[in-house]
Amino acid sequence: MTTAEQHTAESPESSESSESSESSESPGSSIAFTATLVLLVGAALFGRRVFAGWFTDDGIRTWATMFVGVTVQALPFLVLGVLLSAALTAFVPASFFAKALPKHPALAVPVASASGVVLPGCECASVPVSAALMNRGVTPAAAIAFLLSAPAINPVVLASTAVAFPGQPKVVVARAVTSLAVSMILGWLWLLTGKGGSWLKMPKNRHAHDDPKFDVFRSAMLHDFLHAGGFLVVGAAAAATLNVVVPRAWLDHVAGNLLLSVVILGLLAVLLAICSEADAFVAASLTQFSLTARLAFMVVGPIVDVKLIALQTGTFGPKFAVRFAPATFVVALLASLLIGWWLF
Amino acid sequence: MVVVLKRNVAGLVIVFVGAAMVQLTTSGTYLRYVKPGMRWMLLAAGVVLIALAVTDVVVRSRQTHDHGLPRAAWLLLVPVFALLVVDPPALGADAAQRQSPVAAKPAKPAEPQGNAYWGDESHGPKPIAVRDYSVWAVWEKETMQGRSFQLTGFVTPAKNGVWYVTRIGLTCCVADGTAFMVEARGHAAPPKNQWIMVTGKWAEPTKRVDGDVAALTVDTVKPVTAPVNPYE
């Protein structure tokens, strides 16, 4: 595979130069196609027979169930996300966002945060959508605010929180207020520190403007799905491993200390990578913890978890992810403590 | 080792991922991994992916240029292989053993129903979800005392011959699976992961350091086949 180095997705420009010389019918590509096809069909037909007796350990099987489960649960949301982001890229002119958002970036942040209400779904959907927003010329600060608020304050998530905490509407209010505040703070924080920084890999518009709109849509969706899907798999593997390895029993020893319990439940949310529509029910079951600690669990979960860190690494680059994830985590914990102290 | 992904191979990967999702939905296997409510979303996502790959092949045959595609996409084959080769089962005793059998206090205490709630006993033991029994037996003692119940779940063995009738509760997918466990007394443990239907009387919960565990004094144990949806 001598052309492998030139043909990476991370450097679409470099592939531009060679694309005309590489037709899809080149011999290397048809060998790869045949090999993949044979491998997959072979696995489908004989996989279980050949590997029978290999994966019998209970722990490994539980891990495999978790891994497939997290992937299967997240894929429909990822498909929804890339569908929306491809539609934004192909059919919504950049001038629309320029008109819809306030000119000043500091004012665009709260507007973007509040518009997170309209994207119902898990956190996986919001990563490609916010990448598409940046692509369309929306200021990164506003796109980041949207990225953080959409999975946390959409109606589905708030409704499931209300169901999980019956008779305690203030939990829903606290969750919405805290998540909104965190998304705005991080948007503004980006304006203060990250503006001009080189560590955000700006998602590039790979397509010429004169391409037919449907072709742009199709290409963007194919590319985004393959890219984000690969990173989602990494995240699902990490979440499955932590789910199986981390014993839940040690939670009981820290429940008494407010500060420690907030940190521990925040970390648990990062490690378990539970879908934002479901985390309220898990939080409700952690009855040995204070409401503030459980609020931290629900605020952190939709915005920082191992699955999301993998997706963000893929979409915005590793340099962005190593700064963004810890910053988000710390701001989320501080905001939860403050709002918890005020409301509960 | 990293092999570049050509567009036709990418199409193949997407078709297999989409086909795996459609197969999971139509065969009912998806119930091992997610809630029944996800069914139509899974099916729609699978169909969208297959349509995406097919239109790409059809349209691309009229075009000449070929973009390099993300290498990370190869990873999408890992879950497909996991499904084809390992055939991961629904969560069972192994997952339950990793959790505490203690029943969490309900978020909102139910209205005390009183013992009369169950009606007369002439119809035999009342069928009840393991999820409900594990909580009510600890937090609604007055309602449960002296009554007979019928539970369906799988066997989770623990130390010293103790075993639990278990169901896993899902909210969204297996990542949030919570084990609901009822200690079965007065009967030797059936094999691990065996699905059973037990009848028995409410018993005083077992005290543990981390809380109380629901218990049942077993009268009968009958092996049954696993339900279509193994979760509650």
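All values derive from a computational prediction rather than experimental measurement.

Conventions and cut-offs
- Residues numbered from 1 in each chain as written.
- Chains lettered and ligands numbered in written order.
- Predicted model: local features only at pLDDT ≥ 70, side-chain atom pairs only at ≥ 80, totals over all residues.
- Helix = DSSP H or I, 4+ residues; strand = E, 2+ residues; numbered from the N terminus.
- Buried ≥ 20, exposed ≤ 12 C-beta atoms within 10 Å, placed from the backbone.
- Contact = placed C-beta atoms within 7 Å.
- UniProt positions renumbered as here; feature names shortened; annotations may be inferred.
- pLDDT = per-residue confidence, 0-100.
- Core = buried A, V, L, I, M, F, W, Y, C linked by C-beta atoms within 7 Å.
- Pairing = 2+ DSSP bridges.
- Expected span 1.5 Å × (residues − 1).
- Axes fitted to C-alpha atoms, helices over the stretch in contact; angles between N-to-C directions.
- Left-handed = near helix turned anticlockwise from the far one by under 90°.

A.B. asks: Help me understand the overall build of chain A, please; the structure alone is not making it clear to me.
C.D. replies: Of the regular secondary structure elements, chain A holds 15 helices and 0 strands. Sorting the 344 residues of chain A into buried and exposed places 51% on the buried side. A fraction of 85% describes how many contacts in chain A between residues 6 or more apart in sequence connect residues 24 or more apart.

A.B. asks: Help me out: how do you make sense of the overall build of chain B in this one?
C.D. replies: Along chain B, the regular secondary structure elements total 6 helices and 6 strands. Counting only residues that meet the buried cut, chain B has 45% of its 232 residues in that class. Across chain B, every contact between residues at least 6 apart in sequence was considered, and the portion connecting residues at least 24 apart equals 71%.

A.B. asks: Teacher, can you tell me more about the UniProt feature "transmembrane region" (unreviewed entry) in chain A here?
C.D. replies: All names here are of chain A. Residues given the UniProt feature "transmembrane region" (unreviewed entry) here are residues 31-51, 63-92, 141-165, 172-192, 225-246, 258-274 and 320-343. Helix and strand shares over residues 225-246 are 95% and 0% respectively, and the end C-alpha atoms of the span are 31 Å apart. What you have in residues 320-343 is 100% helix and 0% strand, and the ends, taken at the C-alpha atoms, are 33 Å apart.

A.B. asks: So what exactly am I meant to see when it comes to helix H14 (residues 306-316) of chain A here?
C.D. replies: Every α-helix winds through 3.6 residues per turn, so residues three or four apart in the chain are directed the same way. Residues and elements named next belong to chain A. With respect to burial, H14 is a largely interior element, 11 of its 11 residues being buried. Turning to H14, its buried residues number three or more, namely Val306, Lys307, Leu308, Ile309, Ala310, Leu311, Gln312, Thr313, Gly314, Thr315 and Phe316. Lining the buried residues of H14 we find helix H3 (58-91), helix H6 (123-135), helix H10 (213-245), helix H11 (258-272) and helix H15 (318-343). Positive backbone phi, at 95°, marks Gly317, one or two positions downstream of H14.

A.B. asks: What's the story with unusual backbone geometry in this structure? I'm lost.
C.D. replies: If a residue is not glycine, its phi is most likely negative; likewise, a peptide bond is most likely trans. Residue and element names in this part refer to chain B. Even without being a glycine, Asp87 presents a positive backbone phi close to 55°. On the secondary structure map, Asp87 appears in the loop between helix H3 (77-86) and helix H4 (93-97). Asp87 gets classed as partly exposed once you count the C-beta atoms within 10 Å, which come to 17. Of note, Asn160 is a non-glycine position whose phi angle comes to about 60°, a positive value. Mapped onto the secondary structure, Asn160 falls in the loop between strand E2 (148-157) and strand E3 (163-169). Since 4 C-beta atoms lie within 10 Å of it, Asn160 is described here as exposed.

A.B. asks: Help me out: how do you make sense of the environment of Leu232 of chain A in this one?
C.D. replies: Residue and element names in this part refer to chain A. Here Leu232 lies in helix H10. Given 28 C-beta atoms within a 10 Å radius, Leu232 is considered buried. In sequence terms Leu232 and Gln312 are 80 residues apart; their C-alpha atoms lie 9.6 Å from each other.

A.B. asks: Please explain the confidence of the model for chain A as it appears in this structure.
C.D. replies: Predicted coordinates in areas of low pLDDT are best not read in detail. All names here are of chain A. Looking at chain A as a whole, its pLDDT mean stands at 78, while 83% of the residues score no less than 70. Ranking the elements of chain A by mean pLDDT puts helix H1 (residues 12-19) last, at 38, and helix H13 (residues 291-300) first, at 92. In this model residues 1-25 is a low-confidence stretch, pLDDT under 50, and it forms 40 contacts with partners more than four residues away in sequence or in other chains.

A.B. asks: What's the story with the UniProt feature "domain: DUF1980" (unreviewed entry) in chain B in this structure? I'm lost.
C.D. replies: Residues annotated by UniProt as "domain: DUF1980" (unreviewed entry) correspond here to residues 142-231 of chain B. The span residues 142-231 of chain B is 3% helix and 58% strand, and its two end C-alpha atoms sit 28 Å from each other.

A.B. asks: Explain the nonpolar core here, please?
C.D. replies: Considering soluble globular proteins, one finds that nonpolar side chains tend to be buried as a cluster. Ala332 of chain A together with Val182 of chain B are the most contacted members of the largest nonpolar core, which totals 183 residues. Sorting elements by how many residues they give to this core places H3 of chain A first, with 18 residues.

A.B. asks: Mind showing me how you'd approach the pairing of strand E5 (residues 195-208) of chain B here?
C.D. replies: Side-chain direction in a regular strand flips from residue to residue, so the side chains alternate between the two faces of the sheet. All names here are of chain B. As paired elements, E2 and E5 share 7 bridges and run antiparallel to each other. Paired with Phe149 across the bridge in E5 is Gly200. Note that E5 and strand E6 (residues 211-223) share 11 bridges and pair antiparallel. Within E6, the position partnered with Thr206 by the bridge is Val213. Linking two consecutive strands that pair antiparallel, namely E5 and E6, is a turn of 2 residues.

A.B. asks: Explain the environment of Asn229 of chain B to me, please; I cannot follow it from the model alone.
C.D. replies: All names here are of chain B. Along the chain, the position of Asn229 falls in the segment after E6. Its 13 C-beta neighbours within 10 Å are what place Asn229 among the partly exposed residues. When the C-alpha positions of Asn229 and Tyr33 are compared, they lie 10.0 Å apart, and in sequence the two are 196 residues distant. Non-local contacts of Asn229, meaning those with residues more than four positions away in its chain, are made with Leu31 and Pro36.

A.B. asks: Which parts of the structure should I look at to understand H15 of chain A?
C.D. replies: Here H15 of chain A contains 26 residues, and its C-alpha end-to-end distance of 37 Å stays within 8% of the 38 Å for a straight helix at 1.5 Å per residue. Regarding H15 of chain A, the residues found buried are Phe320, Ala321, Phe324, Thr328, Phe329, Val331, Ala332, Leu333, Ala335, Ser336, Ile339 and Gly340 of chain A.

A.B. asks: Looking at this model, I keep getting lost on the UniProt feature "transmembrane region" (unreviewed entry) in chain B. Mind explaining?
C.D. replies: Residues and elements named next belong to chain B. In the numbering used here, UniProt assigns the "transmembrane region" (unreviewed entry) feature to residues 12-34, 40-59 and 71-91. As annotated, residues 12-34 has a helix share of 70% and a strand share of 0%, and its two end C-alpha atoms lie 25 Å apart. The span residues 71-91 is 48% helix and 0% strand, and its two end C-alpha atoms sit 32 Å from each other.

A.B. asks: Explanation requested: the environment of Val198 of chain B in the structure shown.
C.D. replies: Tracing the backbone through its elements, the reader meets Val198 of chain B in strand E5. Contacts of Val198 of chain B, omitting those with residues within four sequence positions, involve Leu151, Val165, Ala184, Leu216, Val218, Thr220 and Val221 of chain B.

A.B. asks: Explanation requested: the packing of H13 of chain A against H15 of chain A in the structure shown.
C.D. replies: When two helices pack together, their arrangement is given by the angle between the helix axes and by the axis-to-axis distance. Residue and element names in this part refer to chain A. One way to put it is that H13 packs onto H15 with a least axis distance of 9 Å and a crossing angle of 145°. At the point where H13 passes H15, the crossing takes the right-handed sense. Along its contact with H13, which presents Leu291, Thr292, Leu295, Ala296, Val299 and Val300, the element H15 presents Phe329, Ala332, Leu333, Ala335, Ser336, Leu337, Ile339, Gly340 and Trp341.

A.B. asks: Can you help me understand the pairing of strand E4 (residues 178-185) of chain B in this one?
C.D. replies: All names here are of chain B. The buried fraction of E4 amounts to 7 of the 8 residues, a majority that puts the element mostly inside the structure. Bridge analysis of E4 against E6 gives 3 bridges, and the strand direction is parallel. Paired with Arg185 across the two strands is Thr217, which belongs to E6.

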